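Understanding the architecture of this molecule
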Amino acid sequence: MKALPQRFIQRMESLLDNQFDAFIHSYTLPAWQGLRVNPLKLSQDRERLQQSLPFSLTPVSWCPTGFTYAGEERPGKHPYHACGLYYLQEPSAMAAAEALDVLPGETILDLCAAPGGKSTQIGGMMQGKGLLVTNEIHPARVKALSENIERLGITNAIVTNETPERLMERFPLFFDHILVDAPCSGEGMFRKLPEAIEDWSEDKVAECGRMQQDILEAAARMLKPGGVLVYSTCTFAPLENEQSIASFLLRHPEFTVESIKHHALYSPGEADWAEPALPALHQTARLWPHRLHGEGHYIARIRKQSQEGIQGIDEIAPVQVAAKKKNKPAKPAAGLAEAIGLWNEFAREALPGLSLASTDPSAYILFGEQLYVLPQGYIDLAGIKVARAGWHLGTVKKGRFEPSHALALGCRPTDAARTANFTSSDSAVLRYLKGESLTHSGQNGWTIVTVDGFALGWGKQVDEQLKNHYPKGLRWL
Ligand SMILES: C[S@@+](CC[C@H](N)C(=O)[O-])C[C@H]1O[C@@H](n2cnc3c(N)ncnc32)[C@H](O)[C@@H]1O
């Protein structure tokens, strides 16, 4: 590992006192590797899970779907990864979405979301019900976010590529819960990513602190009265943690800190590390790499008080009702109507078990040739940069419907008229992932290729050939 920055070591020594030796010793140990199983695809029974995944897994005690795995395992290279059965995530990062405590049917925003670790966790908790807006400011990073939403089979997410300020203008008082997993100086990434050590400076810590205040301002405005905001970072600097929350609370007396479901291995936030030393900061949590099996995180859960008593709230028009009306034309436009017709025809033939085919036409949206179905409680997306407008169903071209990869990964293989199943050890799986067509017998037509019963993508059976429709950009080299 690269040498840690001297100024970082000095600061941590002065803060940690008699815990400093244990903290600094943790940097001589390897980083923890974790995976979080996808409850949209796998049972949550830990014992059954451990049997159905071919890795040696140890449960993460603060996340019911989280496990660590041994360094020599390569779950990212197993076909189950391509099936979206799990997401690779270091264990302490699993704590933030757990603290958000989401229920199916709610309206959730993940404001700083790429590459999607926490969004995919939230999507799993939502069980396909409600609306998840998952946003990333950087265009290059939003692609990975969108692909992970697709791979994990999340059908109720809208992926946006906006600044927090632009979203704030469009969605005041809109969300039940918001996660701000803030851009930070990444001190908790030092063991995992050597670049994080090179990028670190005291100026960066100060700059991140300022950015976090701006992001929190935007998030606060988008939260409904009574709603919950979880703020998290993967850094240890007090300025970006307790101080970020203390400064925010001073400007926003309508927010109070709530105790997160504290785990025995979490440490309380350090009120004395902020100015003023608000006692409520003890209810925030620190996850230290020398006290648990993870890289380190800070988490605060704060709640906006209910409508009464928030000054000026009556002047802010909530977006929900107006947006719904706007999104409900009496009749879909001609192109859209044709696309819905072709989709319904496709779904009846190839996915007879899918109940969605009869959905309200105003929930569909056509971006060029791409047909999507918006999640329940859909919103007006005009003027917003959107990477994924809900569940991508497929492409409509020259009077034909071609199903999308997201459709295969988001539906249950039992919904399909035709599946072609292979065991994970069958060499055909690797050939499929590399883009080859397979020799295979079956009824002609669109077919979901499955691995041990889990959807991997589409193939099209033509006589004795299963033509490959695994997306070019995802193919294994
Ligand atoms: C800690 S990472 C998010 C990790 C993600 N939540 C996950 O679990 O995979 C913070 C994200 O914030 C984004 N970001 C950077 N500057 C931002 C800003 N000014 N406003 C909002 N997001 C920003 C970064 O591009 C980065 O993807």
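Along each chain, the written sequence defines residue order, and numbers are assigned to residues from 1. For a predicted model such as this one, the threshold for reporting local features is a pLDDT of at least 70, and the threshold for listing and counting side-chain atom pairs is 80 or more; totals across whole chains, interfaces and linings nevertheless cover every residue.

Another aspect to go through is the site of the ligand. Here, nearness means that the C-beta atom of a residue, built from backbone geometry, sits within 6 Å of the molecule or strand in question. Taken together, 17 residues lie near the ligand, and Cys-112, Gly-117, Lys-118, Asp-181 and Pro-183 sit nearest. The set of elements that each furnish at least two residues to the shell around the ligand consists of helix H6 (117-126) and helix H10 (202-222). Following the grouping adopted for this structure description, the nonpolar residues are Ala, Val, Leu, Ile, Met, Phe, Trp, Tyr, Cys and Pro, the charged ones are Asp, Glu, Lys and Arg, and the polar ones are all others, Gly among them. Taken together, the residues of the shell around the ligand sort by class into 10 nonpolar, three polar and four charged. Secondary structure elements follow DSSP: runs of H or I no shorter than four residues count as helices, runs of E no shorter than two count as strands, and numbering proceeds from the N terminus.

Moving on, we get to the sheet that holds strand E20 (residues 438-439). Strand order in the open sheet formed by five strands is E19-E21-E22-E23-E20, with mixed pairing between adjacent strands. A single partner strand is all that each edge strand has here, and the edge strands are strand E19 (419-422) and E20. Alignment of E19 against strand E21 (residues 445-451), held across four bridges, turns out to be parallel. When the bridges of E21 are listed, Thr-419 appears paired with Ile-448. Two strands pair under a simple rule: DSSP has to find at least two bridges between them.

A pair of packed helices is characterised by two quantities: the angle between their axes and the separation of those axes. Angles run from 0 to 180 degrees between N-to-C directions of axes, and those axes are lines fitted to C-alpha atoms, restricted for helices to the stretch in contact. With their axes 10 Å apart at the nearest point, H6 and helix H7 (residues 139-151) run at an angle of 30° to one another. Viewed along their axes, H6 and H7 adopt a mutual orientation that is roughly parallel. In the packing of H6 onto H7, the handedness of the crossing is right-handed. Of H7, the residues touching H6 (which contributes Ser-119, Thr-120 and Gly-123) are Leu-145, Asn-148 and Ile-149. By the definition adopted for this analysis, an angle is roughly parallel if under 35 degrees, roughly antiparallel if over 145, roughly perpendicular if from 65 to 115, and oblique otherwise. Should the near helix be turned counterclockwise from the far one by less than a right angle, the crossing is left-handed, whereas a clockwise turn marks it as right-handed. In this description, a residue-residue contact is defined by the distance between C-beta atoms placed from the backbone, which must lie within 7 Å.

Time to look at the UniProt feature "binding site: S-adenosyl-L-methionine" (unreviewed entry) in the protein chain. UniProt positions are given in the numbering used here, feature names are shortened, and annotations may be inferred rather than shown by experiment. Per the UniProt record, the feature "binding site: S-adenosyl-L-methionine" (unreviewed entry) sits at Cys-112, Ala-113, Ala-114, Pro-115, Gly-116, Gly-117, Lys-118, Glu-136 and Asp-181. Spanning 70 residues, the annotated positions come together in the fold, the maximum distance between their C-alpha atoms being 12.4 Å. As for its placement among the helices and strands, Gly-116 is situated in the loop between strand E5 (107-110) and H6. If near-sequence neighbours (up to four positions away) are discounted, Gly-117 is found in contact with Tyr-87, Gln-89 and Ala-93.

A few words on the domain arrangement of the protein chain. Note that the domain bounds reflect an automated or database-derived domain assignment. Domain boundaries assigned for the protein chain yield domain 1 (6-304), domain 2 (324-409) and domain 3 (418-474). For domain 1 versus domain 3, the distance between C-alpha centres works out to 36 Å. Domain 1 puts six residues into the contact, and the matching count from domain 3 is seven residues. Grouping the amino acids of the side of domain 1 that touches domain 3 by side-chain chemistry returns five nonpolar, no polar and one charged.

In this structure, Ile-178, Val-180, Ala-219 and Leu-229 are the most contacted members of the largest nonpolar core, which totals 129 residues. Considering each element in turn, this core owes the most residues, seven residues, to H10. Ignoring sequence-local partners within four residues, the contact set of Ala-219 consists of Leu-111, Pro-164, Ile-178, Val-180 and Leu-229. We define a nonpolar core as a collection of buried residues of the types Ala, Val, Leu, Ile, Met, Phe, Trp, Tyr and Cys that are connected via C-beta atoms lying within 7 Å of each other. Here exposure depends only on C-beta density: within 10 Å of a residue's C-beta, 20 or more other C-beta atoms make it buried, 12 or fewer make it exposed, and intermediate numbers make it partly exposed, the C-beta atoms being placed from the backbone.

This brings us to the pairing of strand E22 (residues 454-462). One ladder, built from seven bridges, connects E21 with E22; its direction is antiparallel. When the sheet's bridge partners are listed, Val-449 is paired in E22 with Gly-457. Taking the residues between adjacent antiparallel strands as the criterion, E21 and E22 are bridged by two residues, where Asp-452 takes a positive phi near 50°. Where E22 meets strand E23 (residues 465-468), four bridges bridge the pair, whose relative direction is antiparallel. By the bridge assignment, Gln-461 is partnered in E23 with Leu-466. Between the antiparallel neighbours E22 and E23 lie two residues, among them Asp-463 with a positive phi of about 55°.

So, on to the pairing of strand E13 (residues 297-304). Each regular strand displays side chains that alternate between the two surfaces of the sheet. Counted residue by residue, E13 has seven buried out of eight residues, so it is predominantly covered. Examined bridge by bridge, strand E10 (residues 255-258) and E13 share four bridges and lie antiparallel to one another. From the neighbouring strand, Thr-256 faces E13, where its bridge partner is Arg-303.

Turning our attention to the sheet that holds strand E3 (residues 66-69). Strand order in the open sheet made by the four strands is E2-E3-E1-E4, with antiparallel pairing throughout. Looking at strand neighbours, the two that pair on one side only are strand E2 (57-59) and strand E4 (86-88), the edges of this open sheet. On average, adjacent strands in this sheet sit at an angle of 35° to one another, irrespective of strand direction.

This part is about H6. Counting buried residues along H6, 10 of its 10 residues qualify, which places the element largely inside the surrounding structure. One or two residues past the end of H6 sits Gln-127, with phi positive at roughly 55°.

Mapped onto the elements of the fold, Lys-434 is located in the loop between helix H15 (427-433) and E20. Exposure remark for Lys-434: the 12 C-beta atoms within 10 Å place this residue in the exposed category. In this structure, the C-alpha to C-alpha distance between Lys-434 and Val-37, residues 397 residues apart in sequence, is 24 Å. For Lys-434, the contacting residues outside a window of four places in its chain are Arg-475 and Trp-476.

A few words now on the packing of H10 against helix H11 (residues 242-251). Packing of H10 against H11 brings their axes to within 10 Å, and their N-to-C directions diverge by 45°. Taken together, the axes of H10 and H11 are oblique relative to one another. Read as a crossing pair, H10 and H11 show a hand that is right-handed. Packed against H10, whose contacting residues are Gly-209, Gln-212, Gln-213 and Leu-216, the element H11 presents Gln-243, Ser-244, Ser-247 and Phe-248 at the interface.

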